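# Residue-level structural notes
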Amino acid sequence: MKKASSRKKSGKVGSSFDDFLKEDGTYEVVTARAIKRVLVRQLDELMRREQISKTELATRMKTSRAQLDRLLDPENDSVTLGTLTRAARSVGRHLRMELV
């Protein structure tokens, strides 16, 4: 009886993580959450660097502190593009998105 080879002859060893998520049906949710986490991290960094408090940012955005807390919560994915755009403008940046 032949022993199974532990190496593949050529090509990829396995599928990509994206492929796994697509097969699992969670690709869109995971991708959206990852994008939100990146945006929150960038916003947090800008706030820290510019010494902008949450209260000040909420005032600049013309929104409530509770709404800002939802925006800054990486687990909360119910943020709108309008809110993201106002947040970016409030720290002197622009929101740029693209379809790829």
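In what follows, the structure referred to is the one given above.
This report concerns the structure included in the present document. (Residues numbered from 1 in each chain as written. Predicted model: local features only at pLDDT ≥ 70, side-chain atom pairs only at ≥ 80, totals over all residues. Heavy atoms only, no water.)

## Topic: the layout of surface pockets
By rolling a water-sized probe across the atoms, one finds the places where empty space is left. Our working rule: Any residue with an atom within 4 Å of a point lines the site, the site being either a cavity, points on a 1 Å grid over the protein atoms alone where a 1.4 Å probe fits but cannot get out, or a pocket, an open set with protein on both sides within 12 Å along at least 5 of 7 lines. Grid points are joined across faces, edges and corners, and a volume is the space filled by probe spheres set on the points. A run of H or I in DSSP counts as a helix once it spans at least four residues, and a run of E counts as a strand once it spans at least two, with each numbered from the N terminus. Classification convention: Asp, Glu, Lys, Arg as charged; Ala, Val, Leu, Ile, Met, Phe, Trp, Tyr, Cys, Pro as nonpolar; all other residues, Gly among them, as polar.
There is about 630 Å³ of room inside the largest pocket. Among the secondary structure elements, those contributing two or more residues to the lining of the largest pocket are helix H2 (27–49) and helix H5 (81–90). For the lining of the largest pocket, the element with the most residues is H2, which contributes six residues. Its residues placed into classes, the lining of the largest pocket shows eleven nonpolar, three polar and four charged. Of the pockets and cavities examined, the second largest pocket occupies roughly 220 Å³. Residue lining of the second largest pocket: 15 residues in total, with Leu 39, Gln 42, Leu 43, Ala 88 and Leu 95 positioned closest to the centre. Contributions of two or more residues to the lining of the second largest pocket are made by H2 and H5.

## What to know about the pattern of salt bridges
Selection rule: A carboxyl oxygen of Asp or Glu within 4 Å of a side-chain nitrogen of Lys or Arg is what we treat as a salt bridge. The buried label applies to any residue whose accessible area, calculated with a 1.4 Å probe on protein chains only, is under 20% of its type's maximum; exposed applies above 50%, and partly exposed to all values in between.
Taken as a whole and assessed by the stated rule, the structure comprises seven salt bridges. Here Glu 75 and Arg 37 are joined by a salt bridge, their closest N and O atoms 2.1 Å apart. Highlighted residues: Glu 75 in the loop between helix H4 (65–72) and H5 and Arg 37 in helix H2, separated in sequence by 38 residues. Under the relative-accessibility criterion, Glu 75 is labelled partly exposed at 39%. One salt bridge connects Arg 48 with Glu 45, and the closest N-O pair in it is separated by 2.7 Å. A residue pair is termed a helical-turn pair when its members lie 3 or 4 positions apart in one helix, as Arg 48 and Glu 45 do in helix H2 at three residues.

## Description of the nonpolar core
Condition: Residues belong to a common nonpolar core when they are buried Ala, Val, Leu, Ile, Met, Phe, Trp, Tyr or Cys residues joined through side-chain atoms within 4.5 Å. The contact rule is simple, with two residues in contact once any of their heavy atoms fall within 4.5 Å.
With 13 residues, the main nonpolar core has Leu 43, Met 47, Leu 57, Met 61, Leu 68, Leu 71 and Val 91 as its most contacted residues. For this core, the secondary structure elements donating two or more residues are H2, helix H3 (54–61), H4 and H5. Met 47 has contacts with Ile 52, Ser 53, Lys 54, Leu 57 and Leu 72, leaving out every residue within four places of it along the chain.

## Quick notes on the packing of aromatic side chains
How we decide: Each Phe, Tyr or Trp ring (for Trp, its six-membered ring) is paired with any other whose centre lies within 6.5 Å, and the angle between the two planes then decides the class: stacked below 30 degrees, edge-to-face above 60, tilted in between. Two limits define a charge over a ring: the Lys NZ or Arg CZ must be within 6 Å of the ring centre, and within 35 degrees of the ring normal.
Applying the stated criterion to the full structure yields one aromatic pair. Each ring, one from Phe 17 and one from Phe 20, has its centre 6.0 Å from the other, and the planes form 25°; the classification is stacked. Placement of the pair is Phe 17 and Phe 20 together in helix H1 (residues 17–24), with a separation of three residues, close to one helical turn. We classify Phe 17 as exposed; its relative accessible area is 56%. Geometry around Tyr 27 places Lys 22 over its ring, the cationic atom sitting 4.8 Å from the centre.

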